[in-house]
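Given next are the chains, with one letter for each unit.
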Amino acid sequence: MLEKVNTAAKTVDMSDFLMNVPFNLSGGQKQKVALGGILHDEEEILLFDEPLAALDPAMGMTAVDLIDKIHKNQNKTIIIIEHRLEDVLYRKVDRIILMNEGRIAMDTTPDELLRSNLLKESGIREPLYISALKNGSTISNKTITFKTGDMYNALHGAVIREAQIDVQGNLNIQITDV
């Protein structure tokens, strides 16, 4: 059992905290411990329900990185239920199933979903970088050129991704911290 605990702690980058009292851990560290606790069962499919809900954007990226690491290193199928779409899209996503009123509204790739209007129609805020591009803003080299002043307020302090829509209408995203 001790070997499984050590392996799980190493996987979630918590080896240095094994002797800490849970009360003294940060919210993000507690989330890592919870994730480590399910790894010892060697389940093939992991379901995460709103894993970013209580995390700030930086810790959210760390959580998504960790989930992606588990997927790649342990070949697990990962299912994430999340409203913070842009934070999940920080890493490669194979497929998105958009639910609306208990029904599947779309089962597609991230690029196809982001090109559609279904997020807005379903009451889900589209990623800020998509809103910026649709409103005529340009994003390059960590600089945002806004056509509307209110877009600055919407994006200020957000984690921004460089994005371009090419002449064929393809959405190309490169993730970058601002």
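Up top is the structure these notes are about.
**Some remarks on the overall build of the protein chain**
In terms of regular secondary structure, the protein chain is built from eight helices and eight strands. For the protein chain, buried positions account for 36% of its 178 residues. For the protein chain, restricting intrachain contacts to residue pairs at least 6 apart in sequence, the fraction spanning at least 24 positions comes to 47%. Carbon and sulfur atoms make up 52% of the accessible area of the protein chain, which amounts to about 11,300 Å² in all.

**Things to note about unusual backbone geometry**
Although it is not a glycine, D13 adopts a positive phi angle of roughly 60 degrees. As for its position among the elements, D13 is in the loop between helix 1 (2-11) and helix 2 (27-39). Of note in this structure, E50 is not a glycine but carries a positive phi near 55 degrees. If you trace the backbone, E50 turns up in the loop between strand 1 (45-49) and helix 3 (57-74). Its relative accessible area of 24% is what places E50 among the partly exposed residues.

**Quick look at the pairing of strand 3 (residues 96-100)**
Two elements, strand 3 and strand 4 (residues 103-108), share five bridges in a ladder whose sense is antiparallel. Residue pairing in the sheet places N100 in a bridge with R103 of strand 4. Hairpin connection between strand 3 and strand 4: a loop of two residues separates the two successive antiparallel strands, and E101 in this loop has a positive phi of roughly 55 degrees.

**What to know about a negative patch on the surface**
Side chains of D41, E42, E43 and E44 sit close together on the surface and give a patch of like negative charge. Structurally, the position occupied by E42 is in the loop between helix 2 and strand 1.

**Thoughts on helix 2**
Compared with an ideal rise of 1.5 Å per residue, which puts 13 residues at 18 Å, helix 2 spans 19 Å between its outermost C-alpha atoms and is within 8% of the ideal. Regarding helix 2, the residues found buried are G28, Q29, K32, L35, G36 and L39. Viewed along the axis of helix 2, the buried residues span an arc of 115 degrees, placing them on a single side of the element. In this structure, the buried side of helix 2 is in contact with helix 1, strand 1 and helix 3.

Conventions and cut-offs
Residues numbered from 1 in each chain as written. Predicted model: local features only at pLDDT ≥ 70, side-chain atom pairs only at ≥ 80, totals over all residues. Heavy atoms only, no water. Helix = DSSP H or I, 4+ residues; strand = E, 2+ residues; numbered from the N terminus. Buried < 20%, exposed > 50% of the residue type's maximum accessible area, 1.4 Å probe, protein only. Contact = heavy atoms within 4.5 Å. Areas by Shrake-Rupley, 256 points an atom, 1.4 Å probe, with all protein chains shown as cover. Pairing = 2+ DSSP bridges. Patch = residues over 30% accessible without salt bridge, like charges linked within 9 Å, V, L, I, M, F, W, Y side chains within 5 Å. Salt bridge = Lys/Arg side-chain N within 4 Å of Asp/Glu carboxyl O. Lys, Arg positive; Asp, Glu negative; His and termini not counted. Charge placed at Lys NZ, Arg CZ, Asp CG, Glu CD. Expected span 1.5 Å × (residues − 1). Arc of directions from axis to C-beta.

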